[in-house]
Amino acid sequence: MAQGHTLPLLDLSKALASRGTRVTIITTPANAPFILSKNSTHPTISLSIIPFPKVEELPEGCENVNHLPSPDLFVPFINATKLLQQPFEDVLKELCDSDSTTPICVISDMFLPWTVDSCCLFDIPRIVFSGMGVLPTVIERNASLHVPCISSLLHSEPINLPSVPFPLNKTDFPDFAWRGDEEHPMLPIISEIKQAESHSWGYVVNSFEELEGDHVAAFENHKETKAWLVGPLLLHDQSKQDLMNSGSKDVDQKQFSPYIKWLDQKMEGLGPGNVIYVAFGSQSYMTDLQMEEIALGLEMAGQPFIWVVRSRTWVPPVGWEDRVKERGLVIRDWVDQRGILEHPAIGGFLTHCGWNSVLEGLSMGVPLLAWPMGAEQGLNARYTAMGLKAGLMVLQERDAKDDPMTVQHNVICDSVKELMRGDQGKKARERAQELGRKARQAVEKGGSSDKKLDELIECLTLKTRIQGRPADPKG
Ligand SMILES: O=c1ccn([C@@H]2O[C@H](COP(=O)(O)OP(=O)(O)O[C@H]3O[C@H](CO)[C@@H](O)[C@H](O)[C@H]3O)[C@@H](O)[C@H]2O)c(=O)[nH]1
């Protein structure tokens, strides 16, 4: 129940449905409209809506991480989702009661570890989806094996891990992993997630063999289960093509959305690759001071930009909007990020490096300016910039407590200029374009991810027919 997890799972649903598999998406009332809006063309995908529990800590109607007024409510939110277990099992029972709808598997987000018990109850294999890449997952594991006391390291001390071809800092890891706070409220949740994973049948990963195939063995070893690399999931989406063919209004709306029109104009006036897209996913929180520095940095860089602003409190400095109006577009709404990234006017992406944003940027051949803000984004950022060499990093200093300090406008300006106009940016762009070509090949007919998805369905269905239920892929 977070857009960064829902979107790739919807892509996966569509990819499964286009192969003739029936998909039931189980969700809650406030999440249903978004899912329906993204899923109008697949008759074999249905929605089953179960009520979200009422809990004191959460505001009324808050059923998605993106609705949380503060990151402090993340743990109460995750705990509230545990109360979905009974209605979830009622849906499974209903599906199992009819021979024609008995599920061949449950694909569950990792943040719903209790689904492993429900799957056990109905003897259905559970497949986990975490939304993360292969190498960032392996790095997290390796760090706990090879660096037992990560919290005692200095922020500046490099961490070199076996089979990771670039050095890391402790602050690249999620903060519950390096703060050394044994009371951190995320720790029990992480422990439940890990336990549930080790009892699951398999893992679907939004990545592809050509990008991360070398790390799959380590991933499987760590997760004690088989991994199926079936991404980039966004590229499987045939519905856009279907819409084009059907002449649907959705396509017209996309073509005429104001920001696409704006990009068309920039393309006409300046040619391709001149606009930087600035967006930090669906969950990042930023201070108003930091917003101001970004505004000034973008102005100073002199590069055309589209900036998606999630803050409800930030107002631009007086006169700023007037000064940038010819070359900057600020959007305070949900955008079609993929539509923006695939527009030829876009030449760079200033991103927090959520794994979806990384994959979306690379799939479209757009180099990244990496500015991680939490979770595993520090690992994704270093991996993209130093491992894949398809991006650059924004230099962020830390204070005495290792908390991130406000990044100043001159740093933002210099980073944007280097990505868009410098030699390093040029190399990163070439590399992103090469990875984009490989990504598209992976999902084409006969590509590595296309074959993996077929294999996954075949494995689940054939074994179900022969043995009554899927065989253990570990066996
Ligand atoms: O206006 C918007 C804002 C976002 N998006 C989409 O929303 C998704 C955001 O996902 P991501 O870039 O991964 O960022 P988060 O929402 O922050 O994702 C969470 O989930 C990811 C996958 O597990 C993790 O890698 C991140 O660290 C975690 O914060 C992407 O598909 C974007 O295209 C839009 O389409 N329009």
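Residues numbered from 1 in each chain as written. Predicted model: local features only at pLDDT ≥ 70, side-chain atom pairs only at ≥ 80, totals over all residues. Heavy atoms only, no water.

A few points about the packing of aromatic side chains
Move 1: For the coordinates displayed, the defined rule picks out 14 aromatic pairs.
Move 2: An angle of 85° between the planes, with centres 6.1 Å apart, marks the rings of Trp 307 and Trp 320 as edge-to-face. Within this pair, whereas Trp 307 is found in strand E8 (residues 305-308), its partner Trp 320 is found in helix H15 (residues 320-324), the two being separated by 13 residues in sequence.
Move 3: Accessibility expressed as a relative area gives 1% for Trp 307, which makes it buried.
Move 4: Among the aromatic residues, those joined into a cluster by ring pairs are Phe 305, Trp 307, Trp 314 and Trp 320.
Move 5: Stacked on the ring of Trp 228, the Lys or Arg Lys 226 has its end atom at 4.8 Å from the ring centre. (Phe/Tyr/Trp six-rings, centres within 6.5 Å; stacked < 30°, edge-to-face > 60°. Helix = DSSP H or I, 4+ residues; strand = E, 2+ residues; numbered from the N terminus. Buried < 20%, exposed > 50% of the residue type's maximum accessible area, 1.4 Å probe, protein only. Lys NZ or Arg CZ within 6 Å of the ring centre and 35° of its normal.)

Considering the site of the ligand
Move 1: Neighbouring the ligand are 20 residues, the closest being Ser 282, Val 335, Ser 357, Glu 360 and Glu 376.
Move 2: Contact between the ligand and His 352: an oxygen atom at 2.9 Å from a side-chain N or O atom of the residue.
Move 3: With respect to the ligand, the side chain of Asn 356 contributes an N or O atom lying 2.8 Å from an oxygen atom.
Move 4: With the chains in place, 95% of the 690 Å² that the ligand exposes on its own is no longer accessible.
Move 5: Those elements that place two or more of their residues in the shell around the ligand are helix H1 (3-17) and helix H17 (355-363).
Move 6: Broken down by element, the shell around the ligand gets its largest block of residues, four residues, from H17.
Move 7: Among the residues making up the shell around the ligand, the classes are represented as five nonpolar, 13 polar and two charged.
Move 8: If you count residues domain by domain, the shell around the ligand takes at least three from each of domain 1 (3-235 + 445-462) and domain 2 (249-440). (Near = heavy atom within 4 Å. Polar contact = N/O pair within 3.5 Å; in protein donor to acceptor, adjacent residues only side chain to side chain. Areas by Shrake-Rupley, 256 points an atom, 1.4 Å probe, with all protein chains shown as cover. Nonpolar A, V, L, I, M, F, W, Y, C, P; charged D, E, K, R; others polar. Domains from an automatic or database assignment.)

A short note on the environment of Trp 201
Move 1: Turning to its location among the elements, Trp 201 is positioned in the loop between helix H8 (186-198) and strand E5 (202-205).
Move 2: Between the C-alpha atom of Trp 201 and that of Ile 124, which follows or precedes it by 77 residues, the distance is 9.2 Å.

Describing the sheet that holds E8
Move 1: Strand order in the open sheet formed by six strands is E9-E8-E7-E10-E11-E12, with parallel pairing between adjacent strands. What marks the edges here is a single partner per strand, and that holds for strand E9 (328-331) and strand E12 (391-393). Across this sheet, the average inter-strand angle for adjacent strands is 15°, counted without regard to direction. (Pairing = 2+ DSSP bridges. Axes fitted to C-alpha atoms, helices over the stretch in contact; angles between N-to-C directions.)

Examining the side chain of Thr 171
Move 1: With respect to the helices and strands, the residue Thr 171 is situated in the loop between helix H6 (134-146) and helix H7 (175-178).
Move 2: Ignoring any residue separated from it by four or fewer positions in sequence, one finds Thr 171 in contact with His 155, Trp 178, Arg 398 and Asp 402. (Contact = heavy atoms within 4.5 Å.)

So, the nonpolar core
Move 1: Core analysis: the largest hydrophobic core is formed by 76 residues, its most contacted members being Ile 139, Leu 168, Phe 173, Leu 263, Tyr 277 and Ile 306.
Move 2: Mapped onto the domain boundaries, this core takes at least three residues apiece from domain 1 (3-235 + 445-462) and domain 2 (249-440).
Move 3: Not counting residues within four places of it along the chain, the set of residues in contact with Ile 139 comprises Leu 161, Val 164, Phe 166, Leu 168, Phe 173 and Leu 379.
Move 4: In terms of nonpolar packing, the next biggest core, distinct from the first, is built from 25 residues, Met 291, Trp 320, Val 407 and Leu 419 among them. (Core = buried A, V, L, I, M, F, W, Y, C linked by side-chain atoms within 4.5 Å.)

Some details on the pairing of strand E3 (residues 106-109)
Note on strand geometry: in a regular strand, side chains alternate between the two faces of the sheet.
Move 1: One ladder, built from four bridges, connects E3 with strand E4 (residues 126-129); its direction is parallel. Paired with Ser 108 across the strands is Val 128, a residue of E4.
Move 2: Running through helix H5 (residues 115-122), the crossover from E3 to the neighbouring parallel element E4 is right-handed. (Right-handed = clockwise from strand over helix to strand, strands pointing away.)

A word on the pattern of salt bridges
Move 1: Counted according to the given criterion, the structure contains 19 salt bridges.
Move 2: The residue Asp 322 makes a salt bridge to Lys 325 at a minimum N-O spacing of 3.6 Å.
Move 3: Linking Arg 338 and Glu 360 is a salt bridge whose minimum nitrogen-to-oxygen distance equals 3.3 Å. Here Arg 338, found in helix H16 (residues 337-341), pairs with Glu 360, found in helix H17; they are 22 residues apart in sequence, far enough to count as distant.
Move 4: The buried category is assigned to Glu 360, whose relative accessible area is 6%. (Salt bridge = Lys/Arg side-chain N within 4 Å of Asp/Glu carboxyl O.)

Description of the domain arrangement of the protein chain
Move 1: What the domain assignment lists for the protein chain is domain 1 (3-235 + 445-462) and domain 2 (249-440).
Move 2: When the two sides are added together, the surface that domain 1 and domain 2 hide from each other amounts to roughly 3100 Å², 61% of it contributed by carbon and sulfur.
Move 3: Here domain 1 and domain 2 share four salt bridges between them.
Move 4: Between Asp 172 and Arg 382 there is a salt bridge, with the nearest N and O atoms lying 2.4 Å from each other.
Move 5: Taken together, domain 1 and domain 2 are joined by twelve residue pairs in polar contact (both at pLDDT 80 or more).
Move 6: Broken down by secondary-structure element, the contributors of at least two residues to the side of domain 1 that touches domain 2 are H1, H6 and helix H9 (209-212).
Move 7: Here the element with the most residues in the side of domain 1 that touches domain 2 is H1; it accounts for five residues. (Buried area = accessible area lost by both parts, 1.4 Å probe.)

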